[in-house]
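# Architecture and fold: a report
The chain contents come next:
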Amino acid sequence: MSGDGDDGRAVPPAVDAEVRAAGVRPGEPLTPGNLAARQARDAAVRPRPGLAELRDGGRFEVAELTAEGPGDGPEVRLVSARPAGAVGPLPLLYYLHGGGMVMGNARSVLPRLLREVAEPLGLVVVSAEYRLAPAAPYPAALEDCYAGLLAVAGRAAELGADPGRIVLGGKSAGGGLAAALALLVRDRGGPGPAGQLLLSPMLDDRDRTFSTRQLAGHDTWDRTSNATAWRAVLGERYGAADLPPYAAPARATDLAGLPPAYVEVGSAETFRDEAVAYADGIWRAGGDAELHVWPGACHGFDTYAPRAAVSRDALDARLRRVLRVLRD
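Anyway, here's the lowdown on the structure attached to this text.

### Describing the side chain of S172
Mapped onto the fold, S172 is located in the loop between β5 (161–171) and α7 (173–188). On the basis of relative accessible area, S172 is assigned to the buried category, the value being 8%. With sequence-adjacent residues up to four places away left out, S172 is seen in contact with G98, L199, S200, P201, M202, F271 and H299.

This is the structure:
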């Protein structure tokens, strides 16, 4: 097959013309040497809208809540938002932000989620503020997400939400955490979600797939950045043969009994092959997965080029899937 064999001659798929026209280019990769500086810069410049800004002039009802932290960990902060005046109980999207588990915050993702998902579908969105690596390595982020989910399910009436219609979702690192959370909930017997929304999920710490090599130096999040983030999260356990699937869901050998999953990735993306393999693993276990590989899409394509046709198609497919899951 063309592109197999010598990684140095592997030709990456072309990026969609509209995405490319938006100025999307690979940037400086994340490395152990620049991680601290990149984290500081992210914390300084990434938007963190206040509650008044999220309310958007009364368009949304927004509240901040906390959950008891896991073990000796601190409280987990959550932001809940819903269309103003919506009559409940509403379905709930429990959303986990991206950033390689080393960057990002819970509030930055909300304005777009509220506009594009919560309002058209009439649901509650709760975004969780989990701890970041390397200051808080695995399993801190996942346990924070689990603690937050328990609180959300237990306070569903207060949030105007239906605890039987919770969808776990996230993009990139958040997609990987959502997948890990679904595994953890299944195995601990926690509140069973109705579905999973896994957008370009970060699933595999081993960086052995063909797409990680094919897109090295080409994707907006490439093999170097990915390895740096995983090392920060896992420390000495990075690449260990006995790493649990809750740390890296691609390690799971049993994908049975999971809620229906929507798995999305780009053809020109580092995570392409691990996302495809994860959907295939769910099918092999007799589960329900819907897989979309968007042609010419790089990592974060819909953020960089939201008006591109491929980005609009992706959003439409996500909304249709969530509607089907909640209706079934």
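### Details of the pairing of strand β6 (residues 195–199)
Within β6, five of the five residues are buried, which leaves the element mostly enclosed by the surrounding structure. Judged by which residues are buried, β6 turns out to be covered on both faces: G195, L197 and L199 on one side and Q196 and L198 on the other are all buried. Judged from the five bridges that link them, β5 and β6 form a sheet pairing that is parallel. Paired with V167 across the bridge in β6 is G195. Note: β6 against strand β7 (residues 261–266), four bridges, orientation parallel. Looking at β7, one finds that L197 is bridged to Y262.

### Some remarks on the nonpolar core
Nonpolar side chains in soluble globular proteins tend to end up buried together. Formed by 66 residues in total, the largest nonpolar core has its most connected members in L78, L92, Y94, L96, L181 and Y278. Per-element tally for this core: the top contributor is α7, with 10 residues. If we skip the residues at most four places from it in the chain, L78 touches A63, E64, L65, A67, Y94, V126, S127, A128, G148 and V152. Ranked by size, the runner-up nonpolar core spans 34 residues in total, among them V24, A118, V310 and A314.

Criteria and thresholds
- Residues numbered from 1 in each chain as written.
- Predicted model: local features only at pLDDT ≥ 70, side-chain atom pairs only at ≥ 80, totals over all residues.
- Heavy atoms only, no water.
- Helix = DSSP H or I, 4+ residues; strand = E, 2+ residues; numbered from the N terminus.
- Buried < 20%, exposed > 50% of the residue type's maximum accessible area, 1.4 Å probe, protein only.
- Contact = heavy atoms within 4.5 Å.
- Pairing = 2+ DSSP bridges.
- Core = buried A, V, L, I, M, F, W, Y, C linked by side-chain atoms within 4.5 Å.

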